Amino acid sequence: MRAALQALTDELRRLKTAGIRSVAVEEASLVALRRSLAAGPVAPPKSQIVPEPRRATVRPAAVPVRPPVAAAESLPEVPVVALPPGEKATRWDALRTLVTNDAVCRSNVRPGKKVVLGVGSLDARIMFVGDAPGAEEELQGEPFVGPAGQLLTKMIQAMGLQRGEVYIGNIMNWRPHMSIASGSEQVGNPPPSEAEMRYCLPYLQAQIEVVNPDLLVALGTTAAQGLLGFGSFKALGEVRGKWRDFGGKPLMVTYHPSYILRNQSNRSKRMIWEDLLQVMAKVDLPISDRQRAFFLDK
Ligand code: URA
């Protein structure tokens, strides 16, 4: 119970930092909380545990933690990013300081986890854009370092490049939350809400501005929605494999590497590969006959 109360107070602190001034608690939940408080001391002060007024639901039987997505719906104004003039590295460092100190980003990161900003060459000609950090990424503070990231690295290598020669960013700077039992680790990766994506987008735009790549590659539906606009297409098939525009830069939409992790067929791999061949051609990368023929075997 102590762990559950700790999780609850952590969550209430997080909501408070995100600008939430009140959460609602069912009477039954309050009774259960009072009972457990009477049973023994809990680390944080009592005032942080019993919020008011009472409106929504905190269930004591499961875990008394509300999904932070609700907080994300009422996120403050999107950040206005002002970077100093100068070298790319200076500007990127300033951006990194802004993002890692952003109160909303920080409040959405669980204890021990990190806000995530893009990585790679500041002179990259190609910028890949994913959706949101997962478990490995929020631990290391770097995008695409988990299983999907390892596959993305292989895709980049198949293009004849090294991972460090491109830039890899995400729509989101934090891992979207789901309700989890106290003391347990989040396993799934829910998609970010529109409000969350809208909040983080200026930080991605700032990375694009600093790096100034020749083109962008959106990986998967969420990234494509973030860049093309929420609701701008129904199925990824409508927009993938064709050149689009984002802020004056050519944008190629393709499948997310995790799609390949779930569909290991050469047909699926070939679909992404054809999109990447277009990307290679656009930046004048040499394409060998062998590369042209990748994943053609059924
Ligand atoms: N998937 C993404 O889209 N981004 C990451 O950083 C990790 C997995």
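**Student:** Can you walk me through the overall build of the protein chain in this structure?
**Tutor:** Helix and strand content of the protein chain: 13 helices and six strands. Across the 298 residues of the protein chain, 50% fall into the buried class. Taking as baseline every contact in the protein chain between residues at least 6 positions apart, the subset at least 24 positions apart corresponds to 73%. Within the structure as shown, the protein chain displays about 14300 Å² of accessible surface, and the carbon and sulfur contribution to it stands at 53%.

**Student:** Looking at this structure, I do not really get the packing of helix H4 (residues 88–101) against helix H8 (residues 194–211). What am I missing?
**Tutor:** If you want to describe how two helices pack, look at the angle between their axes and the distance between the axes. At a closest axis distance of 9 Å, the pairing of H4 and H8 adopts a crossing angle of 170°. Classified by the interaxial angle, the pair formed by H4 and H8 is roughly antiparallel. Only Tyr203, Ala206, Gln207, Glu209, Val210 and Val211 of H8 make contact with H4, whose side of the interface consists of Lys88, Arg91, Trp92, Leu95, Leu98 and Val99. When grouped by side-chain class, the residues that make up the contact of H4 with H8 number eight nonpolar, one polar and three charged.

**Student:** So what exactly am I meant to see when it comes to the environment of proline 190 here?
**Tutor:** Within the fold, proline 190 resides in the loop between strand E3 (167–170) and H8. Judged by its relative accessible area of 22%, proline 190 is partly exposed. In this structure the C-alpha to C-alpha distance between proline 190 and histidine 177, which are 13 residues apart in sequence, comes to 6.9 Å. Once residues within four sequence positions are removed from consideration, proline 190 is found in contact with Pro176, His177 and Met178.

**Student:** Just checking my understanding: could you explain the packing of aromatic side chains for this structure?
**Tutor:** Tallied over the entire structure, the rule returns five aromatic pairs. On the numbers, 5.2 Å between centres and 45° between planes, the contact of tryptophan 273 with phenylalanine 294 is tilted. A residue pair is termed long-range when its members are at least 10 positions apart, and tryptophan 273 in helix H12 (residues 266–282) and phenylalanine 294 in the segment after helix H13 (289–292) qualify at 21 residues. In this pair, the class of tryptophan 273 matches that of phenylalanine 294, namely buried. Ring geometry for tryptophan 273 versus phenylalanine 295: centroids 6.5 Å apart, planes at 80°, classification edge-to-face. Of the two residues, tryptophan 273 sits in helix H12 while phenylalanine 295 sits in the segment after H13, which places them 22 residues apart along the sequence. Owing to a relative accessible area of 3%, tryptophan 273 belongs among the buried residues under this scheme.

**Student:** How do you make sense of the site of the ligand when you look at a structure like this?
**Tutor:** Taken together, Gly130, Asp131, Ala132, Pro133, Glu137, Pro143, Phe144, Asn170 and His256 make up all the residues around the ligand. Contact between the ligand and aspartate 131: an oxygen atom at 2.7 Å from a main-chain N or O atom of the residue. One of the side-chain N or O atoms of asparagine 170 is found 2.8 Å from an oxygen atom in the ligand. In isolation the ligand has 240 Å² of accessible area, and contact with the protein removes 93% of it.

**Student:** Would you take a moment to explain the sheet that holds strand E4 (residues 215–219) for this structure?
**Tutor:** Strand pairing within a sheet occurs via backbone hydrogen bonds; the two strands may be parallel or antiparallel. Reading across the sheet, the six strands line up as E1-E3-E2-E4-E6-E5 and stay open at both edges, with mixed pairing between neighbours. Pairing within the sheet leaves two strands with one partner each, and these edge strands are strand E1 (119–120) and strand E5 (243–246). Bridge count between strand E2 (residues 126–130) and E4: four bridges; the pairing is parallel. Across the sheet, the residue bridging to valine 129 is alanine 218, located in E4. Those strands touched by H12 are E2, E4, E5 and strand E6 (249–254), and its axis lies near 165° from that of E6.

**Student:** So what exactly am I meant to see when it comes to the nonpolar core here?
**Tutor:** Residues Ile126, Phe128, Leu152, Met159, Ile171, Trp174 and Leu227 are the most contacted members of the largest nonpolar core, which totals 70 residues. If you tally residues by element for this core, the top one is H8, at eleven residues. Apart from the residues within four sequence positions on either side, tryptophan 174 is in contact with Leu75, Val104, Cys105, Asn108, Val109, Ala132, Pro133, Glu196, Tyr199 and Cys200.

**Student:** Would you mind showing me how to read H12 here?
**Tutor:** Side chains that are three or four residues apart share a direction in an α-helix, a result of its 3.6 residues per turn. Between its first and last C-alpha, H12 extends 24 Å over 17 residues, near the 24 Å set by a 1.5 Å rise per residue. Residues Ser268, Arg270, Met271, Ile272, Trp273, Asp275, Leu276, Leu277, Val279 and Met280 constitute the buried set of H12.

**Student:** What is the right way to look at the confidence of the model for the protein chain in this model?
**Tutor:** Residues shown with low pLDDT carry predicted positions that ought not to be read at fine detail. On average, residues of the protein chain carry a pLDDT of 83, and 75% of them reach 70 or more. Per-element averaging of pLDDT across the protein chain places helix H2 (residues 27–39) at the bottom with 47 and E2 at the top with 99. Contacts of residues 12–31 to residues separated by more than four positions or lying in other chains number 54 contacts, the stretch itself having pLDDT below 50. For residues 36–70, every residue scores under 50 in pLDDT, and the model assigns this stretch 76 contacts once sequence neighbours within four places are set aside.

Parameters and conventions
- Residues numbered from 1 in each chain as written.
- Predicted model: local features only at pLDDT ≥ 70, side-chain atom pairs only at ≥ 80, totals over all residues.
- Heavy atoms only, no water.
- Helix = DSSP H or I, 4+ residues; strand = E, 2+ residues; numbered from the N terminus.
- Buried < 20%, exposed > 50% of the residue type's maximum accessible area, 1.4 Å probe, protein only.
- Contact = heavy atoms within 4.5 Å.
- Areas by Shrake-Rupley, 256 points an atom, 1.4 Å probe, with all protein chains shown as cover.
- Axes fitted to C-alpha atoms, helices over the stretch in contact; angles between N-to-C directions.
- Parallel < 35°, antiparallel > 145°, perpendicular 65-115°, else oblique.
- Nonpolar A, V, L, I, M, F, W, Y, C, P; charged D, E, K, R; others polar.
- Phe/Tyr/Trp six-rings, centres within 6.5 Å; stacked < 30°, edge-to-face > 60°.
- Near = heavy atom within 4 Å.
- Polar contact = N/O pair within 3.5 Å; in protein donor to acceptor, adjacent residues only side chain to side chain.
- Pairing = 2+ DSSP bridges.
- Core = buried A, V, L, I, M, F, W, Y, C linked by side-chain atoms within 4.5 Å.
- Expected span 1.5 Å × (residues − 1).
- pLDDT = per-residue confidence, 0-100.

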